[in-house]
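Listed below, chain by chain, are the residues.
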Amino acid sequence: MNAVPLPRPPRRPIVELPDELVSQIAAGEVVERPASVVRELVDNALDAGATQVTVRLLAGGVRSIVVEDDGAGIPGSDLPLALKRHATSKIQSLADLESVATMGFRGEALAAIASVSDLSISSRTIDADHALRLDARSGELSPAARATGTSVEVRELFFSTPARRKFLKTDATELAHCVEAVRRHALVRHDVGFAVWHEGKLAEQWRAASPEQRLRDVLGEEFVAQSRTLEMQHGPLRLRGRAGSPESARARADQQYVYVNGRFVRDRLIGHGVRSAYEDVLHGSRQPSYVLFIDIAPDRVDVNVHPTKIEVRFRDSREVHQAVRHAVESALAQSRSALAEAATAAPDLPSSAGGTSPGSLGTGWRPALPSAAQVSLALQQASTLYAREPSPPWAVAPAAAGSLLRQAPDGPHGQVANAPTGPAGNPAQAAPFSQGLAAPLPASTAAEAPVWPLGRAIAQLAGVYILAENAQGLVIVDMHAAHERIVYERLKATLGDAALEAQPLLIPVTFAATPSEVATAEAQRDTLMALGLDVAPLSTGTLAVRSRPAALPHADLADLARSVLADLAQVDSSRVVQRARDDLLATMACHGAVRANRRLTLDEMNALLRDMETTERADQCNHGRPTWRQVTMKELDGLFLRGR
Ligand code: ADP
Ligand code: MG
């Protein structure tokens, strides 16, 4: 290689930058597009105690943005200061900075915006006899007319920096971003009214409302209907919000709202915590919807790490990650049927009912006795649950999964079991038309029978689906998917945190490894062993796998080792062990679950339904697909054009 040396750049003297240029550089960080201006101005309005904030836009905010509020206003003498860099009324000392509860405190937003636009402020305090208007460019102060509060007008954004103006998208896109900026405020400040006008037309409006109502207004009935309440105190953290059901997950991550102490943030750590709570129930590429409000003592979080304060830094990030995962997990663990039951039977069921999920074992995972025997026993018991032969299914059940199972009562379903040729049917059912259909529930037993959210099995369809009747109408269950989930949850619960048995290999499997894989294998040896994986360096660039998890005789070991190592390098080890083990159990569950085309008796079907009702996360199979659907009477009536 004979590279030609580059000519040295000429040495230039060091000079202090003019104020205007400094602000323009700052604007590069703070003001990316009209929506950034909207966000900063609404921040200021809220800090001023506004109860109504109105945003008026022209051309998606590029031509003009006006934000009006009814807050405290700015005294005339302070007006010129508001536009100066590093001028703020919100903090005065470092101590203030550490307990800051306002949205702004850097004192740079107005200065930055003014440096890349044509800006004016009109403001009036409660004791002033008229408003004053300050033009940023000319510095001119003049009397103006308005009620108490402040209006900031920003015209021709980036007019002086055409290069940046070119990066703006269509007006419609910029408008959408502006509305989103207001929406983020609206979700958390339910007590404030917001309105967005575009080209003289009302684009969005949210009136002051209760927190629940605001959520409905901003994210829609559908989100509320398809999400579960989340509420948890975790050490010094308080978490509230809603987690969308896995089924309502979206292709895009456009419904994920996280707030720390009332401030909207984008935080990878929190995002990861949420994501890992969905891991078990969501298809890889789908994006869950959620709203998460995290309250934490101000001295445990640094909000001053990013110019727009959209990122924060936590003093104890692991604590936050765990709390988030935990809170979302327990919200998701309440299955739909449990919720339905809670709604009908016990209206004030504590929301923490699903709180003890086997996925939340904490960090103390100890490699224990080899437990292949335990695995296979649990598997065997689980998969024979719905075998037709010997005793009624619930006689086997308690041995298999203990607390997860509820004793099925000797309900009416015992009498109506009717294999097509069986003798148990209602003798009055003579017509061939009714063959294979269960007799209606006798009125007398209806009162005694418990209300089963998933209803009473009436038939099996095509060897794949179970049909059941409940109060709302028809329930359709994908029996393999449902059973797979039950077996999986049961395996997790039964095994607790026992280690997986390792099976030594006669001939080690070797594979080429990167330096970081080798380092991880060495550092996390215990963790790997606990998974039944004995992975050790053979040479600088090669790893050897000397044992496999006994429960997985057919896995591609190099593949398995690589993905476990990749996980171990990223996330904390307890979580990886948990997840890798869950993956193994999921594979086993799939093999253990009842196959399609197996005929089930009504008893077996009912037992499966009852198990679903008491199994956490029973609404989705391990791959995130739904396990059951409700078809309401209304929908059925609709099919037959009936009753309207
Ligand atoms: P910061 O919000 O970080 O203090 P800004 O540049 O956004 O910095 O605002 C500077 C100052 O101007 C604020 O500290 C506040 O005193 C005043 N101010 C800005 N907007 C408003 C408003 N809408 N109502 C009342 N005061 C405001
Ligand atoms: Mg501000």
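Residues numbered from 1 in each chain as written. Chains lettered and ligands numbered in written order. Predicted model: local features only at pLDDT ≥ 70, side-chain atom pairs only at ≥ 80, totals over all residues. Heavy atoms only, no water.

## Here's the deal with the overall build of the protein
- Check the secondary structure of the protein and you find 22 helices and 22 strands.
- Going through the 644 residues of the protein one by one, you find that 47% of them count as buried.
- In the protein, once contacts between residues fewer than 6 apart in sequence are set aside, the share between residues at least 24 apart is 69%. (Helix = DSSP H or I, 4+ residues; strand = E, 2+ residues; numbered from the N terminus. Buried < 20%, exposed > 50% of the residue type's maximum accessible area, 1.4 Å probe, protein only. Contact = heavy atoms within 4.5 Å.)

## Considering the pattern of salt bridges
- Evaluation of the coordinates by the stated rule reveals 23 salt bridges.
- Taking the shortest distance from any N to any O, the salt bridge between E231 and R238 comes out at 3.3 Å.
- Note on E231: relative accessible area 47%, which makes it partly exposed.
- Connected through salt bridges with shared partners, the residues E180, R183, R184 and E204 form a single ionic network. (Salt bridge = Lys/Arg side-chain N within 4 Å of Asp/Glu carboxyl O.)

## Observations regarding a nonpolar patch on the surface
- On the surface, L17, L21 and I25 cluster together into a nonpolar patch covering about 260 Å² of accessible area.
- With respect to the helices, strands and loops of the structure, I25 is situated in helix α1 (residues 19-30). (Patch = residues over 30% accessible without salt bridge, like charges linked within 9 Å, V, L, I, M, F, W, Y side chains within 5 Å. Areas by Shrake-Rupley, 256 points an atom, 1.4 Å probe, with all protein chains shown as cover.)

## Considering the pairing of strand β18 (residues 473-478)
- As defined by bridge partners, strand β17 (residues 465-470) adjoins β18 across six bridges and the pair is classed as antiparallel. Each bridged residue has a counterpart across the sheet, and for Y465 the counterpart in β18 is D478.
- What sits between the antiparallel neighbours β17 and β18 is a turn of two residues.
- Here β18 pairs with strand β22 (residues 628-632) via five bridges, running antiparallel. Looking across to β22, one finds that V475 is bridged to Q630. (Pairing = 2+ DSSP bridges.)

## Digging into the nonpolar core
- Core analysis: the biggest nonpolar cluster contains 55 residues, and V38, L41, V53, L119, V154 and F194 have the highest contact counts within it.
- In terms of residue count, the dominant contributor to this core is helix α7 (residues 171-188) (eight residues).
- When neighbours within four sequence positions are excluded, L41 is seen to be in contact with I65, V67, L110, I113, V152 and V154.
- Among the nonpolar cores identified, the runner-up in size contains 33 residues, and M232, L239, A243 and V258 belong to it. (Core = buried A, V, L, I, M, F, W, Y, C linked by side-chain atoms within 4.5 Å.)

## Examining helix α9 (residues 268-278)
- Every buried residue of α9 is listed here: I270, G273, V274, S276, A277 and Y278.
- Two or three places before L269, at the start of α9, stands the capping residue D267, its side-chain oxygen 3.0 Å from that residue's backbone nitrogen. (Polar contact = N/O pair within 3.5 Å; in protein donor to acceptor, adjacent residues only side chain to side chain.)

## Let's talk about the site of ligand 1
- Taken together, 19 residues form the shell around ligand 1, and within it T88, S89, K90, F105 and G107 come nearest.
- Within the contact set of ligand 1, an oxygen atom lies 2.5 Å away from a side-chain nitrogen or oxygen of T88.
- In the complex, 92% of the free accessible area of ligand 1, which totals 540 Å², lies under the protein chains.
- Those elements giving two or more residues to the shell around ligand 1 turn out to be α2 (34-47) and α5 (109-115). (Near = heavy atom within 4 Å.)

## Description of the packing of aromatic side chains
- Applying the stated criterion across every chain yields a total of three aromatic pairs.
- Between Y259 and F264 the ring centres are 5.6 Å apart and the planes differ by 75°, which places this aromatic pair in the edge-to-face class.
- On the basis of relative accessibility, which here comes to 1%, the residue Y259 falls in the buried class.
- Clustering of aromatic rings is evident, with ring pairs tying together Y257, Y259, F264 and F293. (Phe/Tyr/Trp six-rings, centres within 6.5 Å; stacked < 30°, edge-to-face > 60°.)

## Quick notes on the sheet that holds strand β2 (residues 64-69)
- Reading across the sheet, the eight strands line up as β5-β4-β3-β6-β2-β1-β7-β8 and stay open at both edges, with mixed pairing between neighbours. Of all strands in the sheet, those with a lone pairing partner are β5 (141-144) and β8 (201-206), marking the two edges. Adjacent strand axes in the sheet meet at a mean angle of 15° when their direction is disregarded.
- Pairing analysis gives five bridges linking strand β7 (residues 193-198) to β8, with the strands arranged antiparallel. Residue pairing in the sheet places H198 in a bridge with K201 of β8. (Axes fitted to C-alpha atoms, helices over the stretch in contact; angles between N-to-C directions.)

## Some remarks on the sheet that holds strand β16 (residues 456-461)
- What the four strands build is an open sheet, ordered β16-β17-β18-β22; its pairing is antiparallel. Of all the strands in the sheet, the pair left with one neighbour each is β16 and β22. Adjacent strand axes in the sheet meet at a mean angle of 25° when their direction is disregarded.
- Strand direction decides the pairing type here: β16 and β17, joined by five bridges, are antiparallel. Looking at β17, one finds that Q460 is bridged to I466.
- Helix-sheet contacts for helix α21 (residues 602-614) involve β16, β17, β18 and β22, and the interaxial angle to β16 is about 115°.

## A closer look at the side chain of S289
- Within the secondary structure layout, S289 lies in the loop between α9 and β13 (290-295).
- Of note is the side chain of S289, whose polar atom sits 3.1 Å from the side chain of Q255.
- Not counting chain neighbours up to four residues away, the residues in contact with S289 comprise F223, A243, G244, S248, R250, Q255 and Y278.

## Some words on the confidence of the model for the protein
- Mean pLDDT for the protein: 77, with 77% of residues reaching 70 or above.
- Note on residues 383-448: pLDDT is under 50 here. Beyond four places in sequence and across chains, it has 84 contacts. (pLDDT = per-residue confidence, 0-100.)

## Focus: the packing of α2 against α7
- Packing of α2 against α7 brings their axes to within 8 Å, and their N-to-C directions diverge by 25°. Between α2 and α7, the angle falls in the class roughly parallel. Considering the relative orientation of α2 and α7, their crossing is right-handed. For the pair α2 and α7, contact is made by P34, A35, V38, R39, V42, D43 and L46 and by E174, H177, C178, A181, V182 and H185, respectively. (Parallel < 35°, antiparallel > 145°, perpendicular 65-115°, else oblique. Left-handed = near helix turned anticlockwise from the far one by under 90°.)

## A look at the environment of W197
- By the secondary structure assignment, W197 is in strand β7.
- In the structure, W197 is positioned 22 residues away from L175 in sequence and 9.9 Å away in space, judged by C-alpha atoms.
- Sequence-distant contacts of W197, defined by excluding residues within four places in its chain, comprise T54, V55, R56, L57, L202 and A203.

## Focus: the pairing of strand β3 (residues 118-124)
- Among the seven residues in β3, five count as buried, and that is most of the element.
- In the sheet, β3 pairs with strand β6 (residues 149-155) via seven bridges, with the strands oriented antiparallel. Bridging from a neighbouring strand, S123 pairs with T150 of β6.
- Here β3 folds back onto strand β4 (residues 131-135), and the loop between the two strands holds six residues.

## A few points about the environment of R318
- Note that R318 resides in helix α10 (residues 317-333).
- For the pair R318 and G273, spaced 45 residues apart in sequence, the C-alpha to C-alpha distance is 9.6 Å.

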